[in-house]
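These are the residues of each chain, in order.
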Amino acid sequence: MRYSKLAQPEVQANRRSQMHSDSFKHAHILRKIKPFDWGDSRLGIRRDDIDVFKAAAQVFNHIILVRATNPESLKYIGNKNMYPKPIDCKAKTADCDVYIPFASGHIIHAKTAGLVVDPTLTGAQAFKDGKYAKAVEAWDEFLKDKTPFEKSKKIFKRYGSEKGCFAVDTDINSEYYGCLMISREDAPASFGEAAVPNWRNSHAWMDSAKHSTCMQYIHGDYDLYALLNLDNPNERHLENVVYGVKHYYSPKLEAIQDFINKGIGTPMIQHGDQFRYKHQSDKIYAFYPNNSVYIIDESTASIEEIFEIVYGVN
C-alpha cells in the first residue's frame, strides 16, 4: 500500500480509538470476575473443599474453574449411601424435598433436595425458578438410548461397561422415593427378568451382605468448567468416550482429579472440562495458583467473552 502523510493522522487516530475501545472492553469484562464472597449463604461448594482446590491450583500451576453445585447436595458428600453424579448421568438434582400423595391416600415426604430425581415422579414441586422443564428435558435425554423394558421398570444399564446400573427408587414407603440410584458392582442375574428385582432398594453399607449391587443415591458432583495450564496455555486438549459419552479433558486431568478427590475424600470430580463441550450460564469458582479465588456468575454470552478476552480460549 502506498504511504501517505495525509493518511497518517487518520490511521493513528483510528489506532488510538481501537486501543481505547479494547481497553474499555477488557476492563468491562474484568469487572465480571468478582472476588470470592465468604458471606454467601448459598455457596455451591463446601468451605472445607475450597482449600483443596486452592492447593491443586498451586501444585499444578493451573487456573481451575469449577461450576457451583446444588447447595442442597453438599450435605451428602462423604455419606456412604450416596455417590457423586457420574459422567453418564445428566439428569438433574432437585432443589426441594416434596410431599407426594398417592391414590390410596398415602402421602410421603420424600427427601429429594440435592439428589438426582426422576421428575416424572417428583413433579414440578421439586424444582425452583422454572427448572422443571429443563429437568424433564434432561431426563428425556438420559432415557433416549434406554430400552422399553428399562424405561418400564426404571432400571437402566450403564453402557460401555459390564458393571453397574441405575435404578429409580419406586418404593412408596421410602423416604427417597423418586430418587435415582447407582450401582457400580456387577449387574444382578435378575436384571433381565420381567419381575422387579428384589435388589432395587438394597443399599451399600445397609444390607450389602444380601445383595451385590450396593445401590447408592446420587447427589451433585463438582463439574470442572476448565483447566487452564499456565505452563502451556495453548496445550491441545484430548477427547475420548466414557460410558458412551464424549469426554473432553486436559492432559493433566487425571493427576489433578486424583489430587482433589483424595483431598475431599470422595470422587467429586468425575470428568473433564465442560467448556470444551459448550458454554452455558453458570456460577463458576475460579482458583488461581497465587491463592486467589474469584466468582464468575454471568450469562452464557458474558462467559464466552471472559474466556476469549481474559483467558484467551474459546
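Each chain has its residues counted from 1, following the order in which its sequence is written. Whole-chain, interface and lining totals are the exception, using all residues; otherwise, since this is a predicted model, local features are given only for residues with pLDDT of at least 70 and side-chain atom pairs are given and counted only at 80 or more. With hydrogens and water excluded, all non-hydrogen atoms of the structure serve as input to the side-chain values.

Quick look at the overall build of the protein
Right, so step 1: Strands here are runs of E lasting at least two residues and helices are runs of H or I lasting at least four, both read from the DSSP assignment and numbered beginning at the N terminus. Tallying secondary structure elements over the protein gives 7 helices and 14 strands in all.
Right, so step 2: Going through the 314 residues of the protein one by one, you find that 47% of them count as buried.
Right, so step 3: Whether two residues are in contact is decided by their heavy atoms, any of which lying within 4.5 Å being enough. Long-range pairs, those at least 24 residues apart, make up 66% of the contacts in the protein with a sequence separation of at least 6. Categorising residues by exposure relies on relative accessible area from a 1.4 Å probe, with only protein chains included: less than 20% of the type maximum marks a residue as buried, more than 50% marks it as exposed, and the intermediate range marks it as partly exposed.

Side note on the side chain of D49
Right, so step 1: Along the chain, D49 falls in helix 2 (residues 47-60).
Right, so step 2: Look past the residues within four positions of D49 in its chain and what remains in contact with it is I77, Y222 and I264.

Considering the environment of N232
Right, so step 1: Secondary-structure assignment places N232 in the loop between strand 10 (224-229) and strand 11 (238-242).
Right, so step 2: Note on N232: relative accessible area 37%, which makes it partly exposed.
Right, so step 3: The spatial distance from the C-alpha of N232 to the C-alpha of N61 is 9.9 Å, given a sequence separation of 171 residues.

Examining helix 2
Right, so step 1: With 14 residues, helix 2 should reach 20 Å at 1.5 Å per residue; the first-to-last C-alpha distance of 21 Å fits that figure.
Right, so step 2: Those residues of helix 2 that sit buried are D49, I50, V52, F53, K54, A56, A57 and F60. A helix is expected to reach a length of 1.5 Å times the quantity of its residues less one.

Section: unusual backbone geometry
Right, so step 1: Although it is not a glycine, N61 sits at a positive phi angle of roughly 50°.
Right, so step 2: Looking at the secondary structure, you find N61 in the loop between helix 2 and strand 2 (62-67).
Right, so step 3: Here the phi dihedral of N291 falls at roughly 80°; this positive angle occurs in a residue that is not glycine.

So, the environment of K163
Right, so step 1: Mapped onto the fold, K163 is located in strand 7 (residues 163-168).
Right, so step 2: Taking the C-alpha atoms as reference, K163 lies 5.5 Å from E185; in sequence the two are 22 residues apart.

Looking at the pairing of strand 10
Right, so step 1: Most of strand 10 is tucked away, with 6 of its 6 residues classed as buried.
Right, so step 2: For two strands to be treated as a pair, DSSP must find at least two bridges joining them. Examined bridge by bridge, strand 2 and strand 10 share 5 bridges and lie antiparallel to one another. Note that in strand 10 the partner of I64 across the bridge is L227.

Re the nonpolar core
Right, so step 1: Counting 26 residues, the largest nonpolar core has F53, I64, Y222, I260, I264 and F287 as the members making the most contacts within it.
Right, so step 2: Residue assignment for this core shows that the elements contributing at least two residues are helix 2, strand 2, strand 10, helix 6 (253-264), strand 13 (282-287) and strand 14 (293-298).
Right, so step 3: The element best represented in this core is helix 2, accounting for 6 residues.
Right, so step 4: When residues no more than four places from it in sequence are discounted, the contact partners of I260 are V52, F53, A56 and I269.
Right, so step 5: What makes a nonpolar core is a set of buried Ala, Val, Leu, Ile, Met, Phe, Trp, Tyr and Cys residues whose side-chain atoms join them at distances within 4.5 Å. In this structure, Y76, V98, I108 and C179 belong to the second largest nonpolar core, which totals 20 residues.

Digging into the packing of helix 2 against helix 6
Right, so step 1: Angles here are taken between N-to-C directions and fall from 0 to 180 degrees, while the axes themselves are lines fitted to C-alpha atoms, restricted in helices to the stretch in contact. Where helix 2 meets helix 6, the axes come as close as 9 Å, and the angle between the chain directions of the two elements is 150°. The pairing of helix 2 with helix 6 is recorded here as roughly antiparallel in orientation. Where helix 2 crosses over helix 6, the handedness of that crossing is right-handed. Every residue of helix 6 that contacts helix 2 at D49, V52, F53, A55, A56, V59 and F60 is listed here: A255, I256, F259, I260, G263 and I264. Angles are sorted into four bins: roughly parallel if under 35 degrees, roughly antiparallel if over 145, roughly perpendicular if 65 to 115, and oblique for all others. Crossings are assigned a handedness: left-handed for a near helix turned anticlockwise from the far helix by less than a right angle, right-handed for a clockwise turn.

Let's talk about the side chain of S73
Right, so step 1: For S73, the position within the fold is in the loop between strand 2 and strand 3 (82-84).
Right, so step 2: The exposure class assigned to S73 is buried, which follows from its relative accessible area of 0%.
Right, so step 3: Throughout this description, a polar contact denotes any pair of N or O atoms lying within 3.5 Å of each other; where both atoms belong to protein, one of them has to be capable of donating a hydrogen while the other can accept it, and for residues adjacent in sequence the pair is counted only when both atoms sit in side chains. A polar contact is formed between the side chain of S73 and the backbone oxygen of G114, at a distance of 2.7 Å.
Right, so step 4: The contact partners of S73, leaving out residues within four places of it in the chain, are T93, G114, H219 and G220.

Some remarks on the confidence of the model for the protein
Right, so step 1: Per-residue confidence for the protein gives a mean pLDDT of 79; residues scoring 70 or more make up 72%.
Right, so step 2: Low confidence marks residues 1-7, where pLDDT is under 50. Its contacts with residues over four positions away, or in another chain, come to 1 contact. The predictor attaches a confidence to each residue, called pLDDT, with possible values from 0 through 100.

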